[in-house]
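Tertiary structure, described
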Amino acid sequence: MATSRILVLKKHMSSKAASTMIKNVTVIGGGLMGSGIAQVAAQTGHQVVLCEVSDQALQKSRSSIQTSLQRVAKKQFKDKPAEAEKFVNDSLARLNTSLNVEESVKSADLIIEAIVENLEAKHKLFSNLDAVAPSHTIFASNTSSLSIEEIASVTKRQDRFGGLHFFNPVPVMKLLEVVRIPQTSDDTYHRMMAWGAAMGKTTITCKDTPGFVVNRLLVPNLAEAVRMLERGDATARDIDTAMKLGASHPMGPFELADYVGNDTTKFILDGWHKRFPDVELFKPIPLLTKMVEEGKLGIKSGEGFYKYNK
Ligand code: CAA
Ligand code: NAD
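Rules used throughout
Residue indices begin from 1 for each chain and proceed along its sequence in written order. By the order in which they are written, chains take letters starting at A while ligands take numbers starting at 1. The predicted origin of the model limits local features to residues at a pLDDT of at least 70 and limits the giving and counting of side-chain atom pairs to 80 or more, whereas totals for whole chains, interfaces and linings rest on all residues. Computation of side-chain values covers all heavy atoms of the structure but excludes hydrogens and water. Helix numbering and strand numbering both begin at the N terminus, where a helix is a DSSP run of H or I of at least 4 residues and a strand a DSSP run of E of at least 2. Type-normalised accessible area, obtained with a 1.4 Å probe on protein chains alone, sets the label of each residue: buried when under 20%, exposed when over 50%, and partly exposed for intermediate values. Under the convention used here, a 1.4 Å probe and the Shrake-Rupley method define accessible areas, while residue burial counts only the protein chains that appear. Neither His nor the chain ends is counted toward charge; the positive residues are Lys and Arg and the negative residues Asp and Glu. Each charge is placed at NZ for Lys, CZ for Arg, CG for Asp and CD for Glu. Here the expected span of a helix is defined as 1.5 Å times the quantity of residues minus one. A single heavy atom is enough: if one lies within 4 Å of a molecule or strand, its residue is considered near that molecule or strand. For this analysis, a polar contact is any N or O atom pair within 3.5 Å, provided that within protein one partner can donate a hydrogen and the other can accept it, and provided that sequence-adjacent residues contribute only side-chain to side-chain pairs. Residues are grouped as follows: Ala, Val, Leu, Ile, Met, Phe, Trp, Tyr, Cys and Pro are nonpolar; Asp, Glu, Lys and Arg are charged; all remaining types, including Gly, are polar. We call two residues in contact whenever any of their non-hydrogen atoms come within 4.5 Å of each other.

Here we take up the overall build of the chain. In terms of helices and strands, the chain carries 13 helices and eight strands. Principal-axis analysis of the C-alpha atoms places the extent of the chain at approximately 60 × 50 × 40 Å. Classification of the 310 residues of the chain by burial places 46% in the buried group. With an accessible surface of roughly 15500 Å², the chain has 55% of that area assigned to carbon and sulfur atoms. Seen as two clouds, the 39 positive and the 34 negative side-chain charges of the chain have centres 5 Å apart.

If you want it as structure tokens, here you go:
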């Protein structure tokens, strides 16, 4: 384990939190993010339940987790196929799936919500969870842009509530933003930080501000790129080439928008525009709206700014 991660664990385990480490994790929503979070939790030794709304969705999650675990194993155990196979099998053995919310949270120390970026949907889910989850369970949202305090407002456990914001693809991206709201207790905060380190992530602490740190900088960048394309300043391909070769970004803004999902980017901008109508950067972009209406959501739908083989 990297020295910095051991230091984070020690710092956050020296509090009372150490006695109640997070072992059982329930992830609600097994899409792009939820399946990545469930996978990494399982591969780092946690007992995981992944909860979805349909068998079809669960099948998709399982298949993407299996593929991704194999990619991780190939990288981690290059010339050791037996160890690679054991890593995949052990991780899968710690991962259970469920279609029943009540059942899935029975033993949870931590519940991470990764459903659609919609406040109403998140409120409905968390008020139900508050009624059925054990009292010690910490609740966290992986929201990209909504206010954690507003999401938590429908529960009676705001001291055991925070944001745990992962990045896509979860098995690869090293950062975890840990979001504290004023009501989050020190114990909850320390347990979330220690858990982030146990997941192999580097944690930073954020306030409950729009987009926290990364998305407040990244999403306006994607939005500006779409506006450039809309004005006809350059092609999507050239803008992507420019940002990769001129700014050393691993992906250009259109490749990244397709990777994140154009619906998610639009949900984020729409939510901010509603809250801050005067901020130019958050204003709706007709081209993005049109693409989402046409189902051009990016890689997940087979077409976005580029076309993909399904
Ligand atoms: N699971 C497991 N391993 C993976 C993986 C996945 N989903 N994706 C990539 N890898 C690993 C594999 O080891 C892979 O090797 P193999 O292809 O042999 O399996 C290796 O990474 C290299 O991957 P690629 O060849 O596909 O491509 P790459 O080197 O360009 O890396 C990338 C891919 C990591 C996605 C890189 O392009 C990148 O960092 N892109 C930017 C991603 C980014 O900015 N994410 C943040 C989005 S914003 C967000 O998440 C917040 C929000 O709220 C919207
Ligand atoms: P997604 O559309 O890929 O997945 C959402 C999943 O949630 C779907 O599979 C859906 O069936 C399931 N779902 C919906 N309601 C449910 C419910 N009540 N119970 C159980 N499952 C339910 O979305 P995503 O990209 O994984 O985003 C999920 C959350 O993570 C959003 O809040 C998003 O803003 C945030 N996020 C997204 C990214 C990204 O790059 N896409 C990055 C960080 C955070």
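On to helix H2 (residues 32–43), then. With 12 residues, H2 extends 17 Å between its outermost C-alpha atoms, agreeing within 8% with the 16 Å of an ideal straight helix rising 1.5 Å per residue. Counted residue by residue, H2 has 11 buried out of 12 residues, so it is predominantly covered. Glycine 45 lies just past H2 and shows a positive phi near 95 degrees.

The next subject is the site of ligand 2. Taken together, 21 residues surround ligand 2, and among them Met33, Glu52, Glu117, Lys122 and Ser144 come closest. Between an oxygen atom of ligand 2 and a main-chain N or O atom of methionine 33, the distance comes to 2.8 Å. Between ligand 2 and valine 260, the relevant distance is 3.0 Å, taken from a nitrogen atom to a main-chain nitrogen or oxygen of the residue. For ligand 2, whose unbound accessible area comes to 830 Å², protein coverage reaches 81%. In terms of residue class, the shell around ligand 2 is built from nine nonpolar, eight polar and four charged.

Moving on, we get to the site of ligand 1. Of all residues adjacent to ligand 1, which total 20 residues, the nearest are Ser68, Ser144, His165, Asn168 and Asn215. In the environment of ligand 1, an oxygen atom lies 2.8 Å from a nitrogen or oxygen atom belonging to the side chain of arginine 71. One nitrogen or oxygen atom from the side chain of serine 144 is found 2.7 Å from an oxygen atom belonging to ligand 1. Sorting the residues of the shell around ligand 1 by element identifies helix H3 (55–76), helix H9 (214–231) and helix H11 (253–260) as the ones contributing at least two each. In terms of residue count, H3 provides more of the shell around ligand 1 than any other element does, five residues in total. Classifying every residue of the shell around ligand 1 by side-chain character gives 12 nonpolar, five polar and three charged.

Glancing now at the environment of leucine 95. Note on placement: leucine 95 falls in strand E3 (residues 95–98). With near-sequence residues (within four places) excluded, leucine 95 lies in contact with Ala38, Ala42, Val48 and Ile65.

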